[in-house]
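Next come the chains, spelled out residue by residue.
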Amino acid sequence: MTDDVAYPPFKLGKARYDQTTFSGRLRHYMDIIDPRMLFVTESRLKESRKLLDDFKHGSLPPGVSDKQLWEAQKIKQAIIHPDTQEKIFMPFRMSGYVPFGTPIVVGLLLPSQTLASTVFWQWLNQSHNACVNYANKNATKPTPVSKFFQGYLGAVTSAVSIAVGLNLLIQKANKFSPATRFLIQRFVPFPAVASANICNVVLMRHNELTEGISVLDSSGNVVGSSRVAAKHALMETAVTRVVLPMPILVLPPIIMSFLEKLPLLQSRRRLVLPVHSLVCLATFGLALPLAISLFPQMSEIEVSELEPEIAALTNDKTVIYNKGL
């Protein structure tokens, strides 16, 4: 495939792939979470930023290809916060989400969890999520740090409460055999994490339901703040955060229940943890781009669905809004 086909004409600040299709969004987010971006050197980052600045000011050196410009933008977007123009701390970049998050997933799914280990892994998972959310937050509008702490504490409380509560219920369930009880316990992390994710979204962004979020016309101009669009944005974000942990926390226990019966793992129990870790890494790496590709970052909504006072301000049939992280 030639560069002309693989790399369309460069557009600063725009996505390389079509964001109106699922496949386009999937390829876009595969770029965003590419773990190779963690190894970009400081000199390469400076070169990429300079190349993009030259393009912006119309002083691009001759011979620079669209491929070089798209690669430069990929590097900058993976490392630099778009609002503050500061470097994002490596463990909290989207490109580091799978590498740094996989050990936590392995910990969440460890069999025979004690009360202390359940609390620890749920707390660590929500702490990691909170740091990623804060590092990648929209910084165009000042948001009180207290708002993030509120969401963080709510998520930790709900995750720990549900995980501990379900484990206690399963332990007291006399109808289940020890083997069945053991298998069911391996699925406890999913409802705990999913409910915590929803709690985090609601606590962090509930003010959007009363204040609304900005909706933009086809020219990118702000039409107004819509509560209807805010409701759509929160629903899409909540669905994404429930779908994301589903394969990550449900598939590994199912896969491992079969793999652990194999003669190799039966005779060499030391291999169980490494194999478990590889299964978690594979499902995490596959599930993350699939989940965040469900909805476009900039979603469309029919003007007829908006509040009458907002709809009266534009002649467009649809407007767009930022779904959020």
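Residues numbered from 1 in each chain as written. Predicted model: local features only at pLDDT ≥ 70, side-chain atom pairs only at ≥ 80, totals over all residues. Heavy atoms only, no water.

**Thoughts on the state of the cysteines**
Link 1 in the chain: Per the counting criterion, the structure on display carries zero disulfides.
Link 2 in the chain: A disulfide-free cysteine, Cys199 has its sulfur positioned 17 Å from the sulfur of Cys131, the nearest such atom.
Link 3 in the chain: Here Cys199 falls in the partly exposed class, since its relative accessible area comes to 21%. (Disulfide = S-S within 2.5 Å. Buried < 20%, exposed > 50% of the residue type's maximum accessible area, 1.4 Å probe, protein only.)

**A short note on the side chain of Ser158**
Link 1 in the chain: You can see Ser158 is positioned in helix α7 (residues 145-172).
Link 2 in the chain: If we ignore the near neighbours within four places in the chain, the residues touching Ser158 are Ser195, Ala196 and Cys199. (Helix = DSSP H or I, 4+ residues; strand = E, 2+ residues; numbered from the N terminus. Contact = heavy atoms within 4.5 Å.)

**Observations concerning the pairing of strand β2 (residues 222-226)**
Link 1 in the chain: Two elements, strand β1 (residues 213-216) and β2, share four bridges in a ladder whose sense is antiparallel. Residue pairing for β2: Leu216 is matched across the bridge by Val222.
Link 2 in the chain: Here β1 folds back onto β2 in antiparallel fashion, the turn holding five residues, of which Gly220 has a positive phi close to 85 degrees. (Pairing = 2+ DSSP bridges.)

**Observations regarding a nonpolar patch on the surface**
Link 1 in the chain: On the surface, a cluster of nonpolar side chains totalling about 390 Å² of accessible area is made up of Phe22, Val239, Leu286, Leu290 and Leu294.
Link 2 in the chain: Position of Val239 relative to the elements: it lies in helix α11 (residues 227-243).
Link 3 in the chain: Judged by its relative accessible area of 35%, Val239 is partly exposed. (Patch = residues over 30% accessible without salt bridge, like charges linked within 9 Å, V, L, I, M, F, W, Y side chains within 5 Å. Areas by Shrake-Rupley, 256 points an atom, 1.4 Å probe, with all protein chains shown as cover. Salt bridge = Lys/Arg side-chain N within 4 Å of Asp/Glu carboxyl O.)

**Considerations on the nonpolar core**
Link 1 in the chain: Core analysis: the largest hydrophobic core is formed by 27 residues, its most contacted members being Val105, Ile248, Leu249, Phe284 and Leu288.
Link 2 in the chain: Counting residues per element, the ones that place at least two in this core are α5 (97-108), α6 (115-135), α9 (189-205), α12 (245-259) and α14 (272-292).
Link 3 in the chain: Leave out the neighbours within four places in its chain, and Phe284 touches Tyr97, Val98, Gly101, Thr102, Val105 and Ile248.
Link 4 in the chain: Membership of the second largest hydrophobic core comes to twelve residues, among which are Ala229, Ala233, Val303 and Ile310. (Core = buried A, V, L, I, M, F, W, Y, C linked by side-chain atoms within 4.5 Å.)

**Some details on the packing of aromatic side chains**
What describes a pair of aromatic rings is the distance from one ring centre to the other and the angle between the planes of the rings.
Link 1 in the chain: Taken as a whole and judged by the stated rule, the model has six aromatic pairs.
Link 2 in the chain: Aromatic side chains Tyr97 and Phe284 sit 5.7 Å apart centroid to centroid with 70 degrees between the ring planes, which places their arrangement in the edge-to-face category. Separated by 187 residues along the polypeptide, Tyr97 in helix α5 and Phe284 in helix α14 bring together distant segments of the chain. Neither Tyr97 nor Phe284 differs from the other in exposure class; each is buried.
Link 3 in the chain: Grouped by ring-pair contacts, the aromatic residues Phe10, Phe55 and Trp70 constitute a single cluster.
Link 4 in the chain: One residue, Arg16, lies across the ring of Tyr7, its end atom 4.0 Å from the ring centre.
Link 5 in the chain: Looking at Lys261, its charged tip hangs above the ring of Phe258, at a distance of 6.0 Å from the centre. (Phe/Tyr/Trp six-rings, centres within 6.5 Å; stacked < 30°, edge-to-face > 60°. Lys NZ or Arg CZ within 6 Å of the ring centre and 35° of its normal.)

**Examining empty space enclosed by the protein**
Link 1 in the chain: Applying the stated criterion across every chain, the model contains one cavity of 30 Å³ or more.
Link 2 in the chain: Quantified by volume, the largest cavity comes out at close to 170 Å³.
Link 3 in the chain: Among the secondary structure elements, those contributing two or more residues to the lining of the largest cavity are α6, α7 and α8 (178-185).
Link 4 in the chain: The element that contributes the greatest number of residues to the lining of the largest cavity is α6, accounting for three residues. (1 Å grid on protein atoms, 1.4 Å probe; cavity = no way out; pocket = protein on both sides within 12 Å on 5 of 7 lines; lining within 4 Å. Points joined across faces, edges and corners; volume = space filled by probe spheres on them.)

**What about the pattern of salt bridges?**
Link 1 in the chain: Evaluated as defined, the whole model comprises six salt bridges.
Link 2 in the chain: The closest approach of N and O atoms between Lys74 and Asp31, which form a salt bridge, is 3.3 Å. Of this pair, Lys74 sits in helix α4 (residues 66-79) while Asp31 is found in helix α2 (residues 22-32), placing the two residues 43 residues apart along the sequence.
Link 3 in the chain: Classification of Lys74 by relative accessible area gives buried; the value is 12%.
Link 4 in the chain: For Asp34, the salt bridge identified is with Arg36, shortest N-O distance 2.7 Å.
Link 5 in the chain: Looking at Asp34, the relative accessible area reads 7%, which means it is buried.

**Details of the packing of α9 against α11**
Link 1 in the chain: Contact geometry of α9 with α11 gives a least axis separation of 9 Å together with a crossing angle of 155 degrees. Compared by their axis directions, α9 and α11 come out roughly antiparallel. When the axes of α9 and α11 are compared, the crossing they make is right-handed. Between α9 and α11, the residues in contact are Phe190, Ala194, Asn197, Ile198, Asn200, Val201 and Arg205 and Ala233, Leu234, Thr237, Arg241 and Val242, respectively.
Link 2 in the chain: Class assignment for the residues of the contact of α9 with α11 results in seven nonpolar, three polar and two charged. (Axes fitted to C-alpha atoms, helices over the stretch in contact; angles between N-to-C directions. Parallel < 35°, antiparallel > 145°, perpendicular 65-115°, else oblique. Left-handed = near helix turned anticlockwise from the far one by under 90°. Nonpolar A, V, L, I, M, F, W, Y, C, P; charged D, E, K, R; others polar.)

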